[in-house]
Amino acid sequence: MEADSIYKSYGKKKVLKGISFTAPEGKCTGFIGANGCGKSTLFAILAGVEKADGGIVSLHGKQIDRRARELSAAIGYIPQENALMEDLAVKDNLALYRSLCPGKVENEYVEKLCERFSVQSFEKEKVSRLSGGMKKRVSIVCALLHRPEILIMDEPSTALDLIFKEELESFIREFTGEGGSVLLSSHDEKEIRQCDKLYAIKDGVAKEIQYESWRDFF
């Protein structure tokens, strides 16, 4: 995935001022920055949820419109805020997301995902009754149902306990090892260290940096 000169404003507030970057296949690309710097806005644009005021998003060198089927098929998006239907049970949320997937989703694959992130034990519970960590695990499974080639994760380990933080790190290694691309934003030092490329967002622009200097951008 590539982004070229992404701009976004809300009223008079300019949030993104021409952000450009490249996220290679088989790599984990990280984004850091102070709260409110625009990381979540950028990720929502890349996932096709928000519309940029200007700029280009490309997949495999081809410019992609945010409404394009190729974008939704290629990307699994885990937003920072809970995007699940609170009044539905976990299993109904999974069924809803599954119904939106392009192509067939095998039962065995869904069961394997639920087992990996220990979701099966509370599938009948309403989302509104779950802890933050449980909701995050369900969101991760939902984002993976259509076997995306790119994972966009906004603060993915927030609310996860240590065991599932380690499980997520292991999954990221496997995913990129199989050629997938991961984009994540984080304030977690261990997650930042896992990134192959690192960008700092400050004053609406992104700069590629080395891991050792990440603290200088807060």
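Since this is a predicted model, take the numbers as computed values, not measurements. (Residues numbered from 1 in each chain as written. Predicted model: local features only at pLDDT ≥ 70, side-chain atom pairs only at ≥ 80, totals over all residues. Heavy atoms only, no water.)

Some words on the overall build of the protein chain
Alright, step 1. Within the protein chain one finds seven helices and 10 strands.
Alright, step 2. The C-alpha atoms of the protein chain give a radius of gyration of 17 Å, which matches the 17 Å a tight globule of 218 residues would have.
Alright, step 3. Along the first, second and third principal axes, the C-alpha set of the protein chain runs to 45 × 35 × 35 Å.
Alright, step 4. Taken over 218 residues, the protein chain has a buried fraction of 48%.
Alright, step 5. Sequence separation of 24 or more characterises 68% of the internal contacts of the protein chain that already satisfy a separation of 6 or more.
Alright, step 6. Counting only carbon and sulfur atoms, one obtains 47% of the accessible surface of the protein chain, whose full area is about 11,300 Å². (Helix = DSSP H or I, 4+ residues; strand = E, 2+ residues; numbered from the N terminus. Rg over C-alpha atoms; globule rule 2.2 N^0.38 Å. Buried < 20%, exposed > 50% of the residue type's maximum accessible area, 1.4 Å probe, protein only. Contact = heavy atoms within 4.5 Å. Areas by Shrake-Rupley, 256 points an atom, 1.4 Å probe, with all protein chains shown as cover.)

Focus on the packing of aromatic side chains
Aromatic ring pairs are defined here through the distance separating the ring centres and the angle between the ring planes.
Alright, step 1. Counted according to the given criterion, the structure contains six aromatic pairs.
Alright, step 2. With centroids separated by 5.5 Å and ring planes inclined at 15°, the aromatic side chains of F31 and Y199 adopt a geometry described as stacked. Taken together, the positions of F31 in strand β3 (residues 28–32) and Y199 in strand β9 (residues 197–202) put the pair 168 residues apart, joining distant regions of the chain. Both residues of the pair, F31 and Y199, count as buried.
Alright, step 3. Every member of this aromatic cluster is reached through a ring pair, and the members are F21, F31, F43 and Y199. (Phe/Tyr/Trp six-rings, centres within 6.5 Å; stacked < 30°, edge-to-face > 60°.)

Considerations on helix α5 (residues 132–144)
Alright, step 1. With 13 residues, α5 extends 19 Å between its outermost C-alpha atoms, agreeing within 8% with the 18 Å of an ideal straight helix rising 1.5 Å per residue.
Alright, step 2. Looking at the buried positions of α5, the neighbouring elements they touch are β6 (75–78), α3 (90–99), α4 (107–116), β7 (150–154) and α6 (162–177). (Expected span 1.5 Å × (residues − 1).)

Side note on the side chain of D154
Alright, step 1. Inspection of the secondary structure assignment puts D154 in strand β7.
Alright, step 2. Within the local environment of D154, its side chain forms a polar contact with the side chain of S185, the two groups lying 2.6 Å apart.
Alright, step 3. Contact partners of D154, with chain neighbours within four places excluded, come to S40, F43, I78, P79, Q80, K136 and S185. (Polar contact = N/O pair within 3.5 Å; in protein donor to acceptor, adjacent residues only side chain to side chain.)

Concerning the sheet that holds β9
Alright, step 1. Pairing within the open sheet is mixed, and its six strands lie in the order β6-β7-β8-β3-β9-β10. Because the sheet does not close on itself, it has two edges, and the strands there are β6 and β10 (205–209). This sheet shows a mean twist of 20° between the axes of neighbouring strands, independent of strand direction.
Alright, step 2. Pairing analysis gives four bridges linking β6 to β7, with the strands arranged parallel. Note on β7: the bridge partner recorded for G76 is L151. (Pairing = 2+ DSSP bridges. Axes fitted to C-alpha atoms, helices over the stretch in contact; angles between N-to-C directions.)

What to know about the nonpolar core
Alright, step 1. In this structure, V90, V119, V138, V141, L144, M153 and V182 are the most contacted members of the largest nonpolar core, which totals 34 residues.
Alright, step 2. Top contributing element to this core by residue count: α5, with six residues.
Alright, step 3. Discounting chain neighbours no more than four positions away, the residues touching V90 are V119, F122, E123, E125, V127, L130 and V138.
Alright, step 4. Within the second largest apolar cluster, 27 residues are counted, among which are C37, I75, I152 and L183. (Core = buried A, V, L, I, M, F, W, Y, C linked by side-chain atoms within 4.5 Å.)

Description of the side chain of S139
Alright, step 1. In this fold, S139 is placed in helix α5.
Alright, step 2. Excluding its chain neighbours within four sequence positions, the residues that come into contact with S139 are I78, N82 and L84.

So, the sheet that holds strand β4 (residues 54–59)
Alright, step 1. If you trace the four strands from one edge of the open sheet to the other, you get β2-β1-β4-β5, paired in antiparallel fashion. Edge strands, defined here as strands with exactly one partner in the open sheet, are β2 (13–22) and β5 (62–63).
Alright, step 2. Two strands pair when backbone bridges link them, and strand β1 (residues 2–10) and β4 are joined in this way by four bridges, in the antiparallel orientation. Looking at the pairing, Y7 lines up with G54 of β4.
Alright, step 3. Running at roughly 60° to β2, helix α1 (residues 39–46) makes contact with β1, β2 and β4 of the sheet.

Remarks on the packing of α3 against α5
If you want to describe how two helices pack, look at the angle between their axes and the distance between the axes.
Alright, step 1. Packing of α3 against α5 brings their axes to within 9 Å, and their N-to-C directions diverge by 25°. Looking at the two axes, α3 sits roughly parallel to α5. α5 is crossed by α3, and the crossing has right-handed handedness. The segment α3 lies against α5, with V90, N93, L94 and Y97 engaging V138, V141 and C142. (Parallel < 35°, antiparallel > 145°, perpendicular 65-115°, else oblique. Left-handed = near helix turned anticlockwise from the far one by under 90°.)

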